[in-house]
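Read off the chains here:
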Amino acid sequence: MATKIWAHRGASGYAPENTIPAFKLAVEQGADGVELDVHMSSDGKLMVIHDETVDRTSNGSGRVVDMTCQELKRLDFSNGMEGYENVRIPTLREVYGLLKNTNLTINVEVKCDVVIYYGIWDHLIALEREMGMQGRIIYSSFNHYVLLKIRELDPEAKIGLLYSEALVDPWVYAKYVGANALHPHYLAALNCPGMLEGCRKAGVDVHPWTANDPQVMRELVEAGVAAIITNYPNLALQAAGR
């Protein structure tokens, strides 16, 4: 099966990360999917942003969890990128609305690392069902307990285990928790002996992040990973011969 190309926070090498312009560009460049990050606002809205705070990517400051959706929407998330201004933070609902009529897979990374958003799993599954996105979403997280909560709510939910370490036989752990995929740092995918072969035999997909070097992309394609997560989907498509 051909390696899929997933745009990391959208086509974030060219447009402000985790914004509607970045996701639109990923579609235009021909990506097979997008990866995005989700936190919760103080009024319980699912907000698409990577960090716990808005400081790095907007003209504001403060924690997402301490601000309402309306307060977050007042900030400019163009992040100084040329050609972009007054770019607003999207809700997950808005991203689903944008991508609903495409064939793209959506990798939702649930951010429960520094701030634990209790109940975020309920909101995620409810929105997936309301928007008719079943089968289109794979949930990933560095907090694997969150993924188990999602799986409790929906036994059919697809989950991918995020990690960056050089783990021994990670497919054994993936099968133990019932994960569909592993989401390792690309170095862990390429440099751990027998990792890809073990996953292939166990029926566990491998979706490495974040590969931005064309040579690394080619190595991952040749190794037969299921998907590559990258800031540059157009370059990854070229590396995949597409």
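Residue indices begin from 1 for each chain and proceed along its sequence in written order. Only residues with pLDDT of 70 or above have their local features reported here, since the model is predicted, and side-chain atom pairs are shown and tallied only from 80 upward, although totals for entire chains, interfaces and linings are computed over all residues. Only hydrogens and water are set aside; all other atoms, that is, all heavy atoms of the structure, feed into the side-chain values.

Here we look at unusual backbone geometry
- Even without being a glycine, Asn-79 presents a positive backbone phi close to 55°.
- Looking at where Asn-79 falls in the secondary structure, it is placed in the loop between helix H2 (69-73) and helix H3 (92-99).
- Positive phi outside glycine occurs at Asp-169, with the angle close to 50°.
- Within the secondary structure, Asp-169 is located in the loop between strand E6 (158-163) and helix H6 (170-177). Helix and strand definitions follow DSSP, with helices as H or I runs of at least four residues and strands as E runs of at least two, each counted in order from the N terminus.

Section: helix H8 (residues 195-202)
- Those residues of H8 that sit buried are Met-195, Leu-196, Gly-198 and Cys-199. The buried residues of H8 occupy an angular sector of 160° when the element is viewed end-on, so they sit on one face.
- Residue contacts follow a heavy-atom distance rule, with two residues in contact if any of their heavy atoms lie within 4.5 Å. The inward-facing, buried residues of H8 abut E6, H6, strand E7 (181-184), helix H7 (186-191), strand E8 (205-206) and helix H9 (214-223).
- Immediately downstream of H8, the backbone of Gly-203 shows phi near 75°, a positive value. Throughout, exposure labels follow a simple rule: accessible area from a 1.4 Å probe, protein chains only, divided by the maximum for the residue type, with under 20% read as buried, over 50% as exposed, and the rest as partly exposed. It is the directions from the helix axis to the C-beta atoms that the arc portrays.

Describing the side chain of Asp-154
- By the secondary structure assignment, Asp-154 is in the loop between helix H5 (144-153) and E6.
- Charge assignment: positive for Lys and Arg, negative for Asp and Glu; neither His nor the chain ends contribute. Salt bridge criterion: a side-chain nitrogen from Lys or Arg within 4 Å of a carboxyl oxygen from Asp or Glu. Notably, Asp-154 is buried but unbridged: the nearest opposite-charge side chain belongs to Arg-129, and the N-O separation is 4.3 Å.
- Asp-154 has contacts with Ile-125, Glu-128 and Arg-129, leaving out every residue within four places of it along the chain.

Things to note about the nonpolar core
- In this structure, Leu-92, Tyr-96, Val-108, Ile-120, Leu-124, Tyr-139 and Ile-150 are the most contacted members of the largest nonpolar core, which totals 64 residues.
- No other element matches the five residues that helix H4 (residues 120-130) contributes to this core.
- Counting 10 residues, the second largest nonpolar core, distinct from the first, contains Met-47, Ile-49, Met-67 and Ile-89. Side-chain atoms within 4.5 Å are what join buried Ala, Val, Leu, Ile, Met, Phe, Trp, Tyr and Cys residues into a set we call a nonpolar core.

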